[in-house]
Amino acid sequence: MSKVPYHVAIVMDGNGRWATKRFLPRIAGHRQGVESLRRCVEACVERGVGVLTVFAFSSENWNRPSEEVSGLMELLALTLSGEVPRLHANGVRIHFVGDRVRLSQKVQAGLAQAEHTTAGNQRLVLNVCFNYGGRWDIAQAAQKLASRGEAITELSLDRAMALAHVPDPDLLIRTGGELRISNFLLWQVAYSELYFSDKLWPEFDEAALDEALAFFRTRERRFGQTSAQVGGHGVRHGMKVA
Ligand code: FPP
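The text that follows walks through the structure, step by step, so that each part is easy to find. Computed from a predicted structure; not experimentally measured.

With that settled, consider the overall build of the protein. From N to C terminus, the protein includes seven helices and six strands. Each helix (α) and strand (β) of the protein, taken in turn from the N terminus, gives the series β-α-α-β-α-β-α-β-α-α-β-β-α. For 242 residues, the compact-globule estimate of 2.2 N^0.38 gives 18 Å, and the C-alpha radius of gyration of the protein, at 18 Å, lies within 12% of that figure. With respect to the principal axes defined by its C-alpha atoms, the protein has extents near 55 × 45 × 35 Å. Going through the 242 residues of the protein one by one, you find that 48% of them count as buried.

All right, on to the pairing of strand 6 (residues 193-196) then. Alternating residues of strand 6 divide into Glu 193 and Tyr 195, all buried, and Leu 194 and Phe 196, none buried. Pairing of strand 5 (residues 171-174) with strand 6 involves four bridges; the strand directions are parallel. Bridging from a neighbouring strand, Arg 174 pairs with Phe 196 of strand 6.

Here we come to helix 2 (residues 26-47). Between its first and last C-alpha, helix 2 extends 31 Å over 22 residues, near the 32 Å set by a 1.5 Å rise per residue. At the exit of helix 2 stands Gly 48, carrying a positive phi of roughly 85°.

Surrounding the ligand, one finds 16 residues, the nearest of these being Asp 13, Gly 16, Arg 17, Arg 26 and Arg 64. The side chain of Arg 26 places a nitrogen or oxygen atom 2.8 Å from an oxygen atom of the ligand. In isolation the ligand offers 620 Å² of accessible surface; the protein chains occlude 91% of this area. Elements with a minimum of two residues in the shell around the ligand: helix 1 (15-21), helix 2 and helix 3 (66-89). The element best represented in the shell around the ligand is helix 2, accounting for four residues. For the shell around the ligand, the class distribution of residues is six nonpolar, six polar and four charged.

Each regular strand carries side chains that alternate between the two faces of the sheet. Of all six residues making up strand 3 (residues 92-97), five are buried, and the element is well covered by its neighbours. Relative to strand 4 (residues 124-132), strand 3 runs parallel, the two sharing six bridges. Its bridge partner lying in strand 4, Val 92 is registered against Leu 124.

The rules behind these values
Residues numbered from 1 in each chain as written. Predicted model: local features only at pLDDT ≥ 70, side-chain atom pairs only at ≥ 80, totals over all residues. Heavy atoms only, no water. Helix = DSSP H or I, 4+ residues; strand = E, 2+ residues; numbered from the N terminus. Rg over C-alpha atoms; globule rule 2.2 N^0.38 Å. Buried < 20%, exposed > 50% of the residue type's maximum accessible area, 1.4 Å probe, protein only. Pairing = 2+ DSSP bridges. Expected span 1.5 Å × (residues − 1). Near = heavy atom within 4 Å. Polar contact = N/O pair within 3.5 Å; in protein donor to acceptor, adjacent residues only side chain to side chain. Areas by Shrake-Rupley, 256 points an atom, 1.4 Å probe, with all protein chains shown as cover. Nonpolar A, V, L, I, M, F, W, Y, C, P; charged D, E, K, R; others polar.

So this is what it looks like as structure tokens:
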């Protein structure tokens, strides 16, 4: 059984601090964060990760200074036009996860185009969470079921979630030294292994990713069972617990 996590999720924290330490504007840190993301996607493809889910803009990030919010929107548009051809050539399928309604028409069109262009790719699914929050996702899934008059069960909610197209994350990485989840994938991380790195996101390179993957290899995943039941070893990925 493979010991490479099938689904890796990342809170890419520390861009602002990386820039401030260098007397640069915060947006320079986010720009460097895009470089780090590109490197990480390529490393994940090489290592056989199947799904990478990253937190690029949270529902709460609207409360940042307006120049940082508009800078991040601009960076998203620029990243789409600059990176999609390369991602496509690398066999990466892009999904945007989050509430698109508040995004500009131009950005929404860019997201749809990127998804359409890469829809046939199969090497890696890249979920970019943008204007996303774990609570938003649970609420929108419940609203969807209520509007259809469907019963709310763990399974029906799970299927109505914005990440229903992929199994739950096996490994959640957070960079930047903070030990919290910050409203990311609240529903889906129930059984994920958690890995916290002190590295700021722009400094999170292939070696740092390999350390996180090595940590994952040491974990025994029990999903509520005993060690003896799971055979004292074994990483089972893609499992939904009923
Ligand atoms: C958190 O660091 C990071 C973000 C809010 C944005 C993450 C965005 C990227 C890595 C770039 C990729 C983005 C797009 C548009 C595809 P922080 O700003 O909270 O850092 P700090 O804790 O040091 O202040």
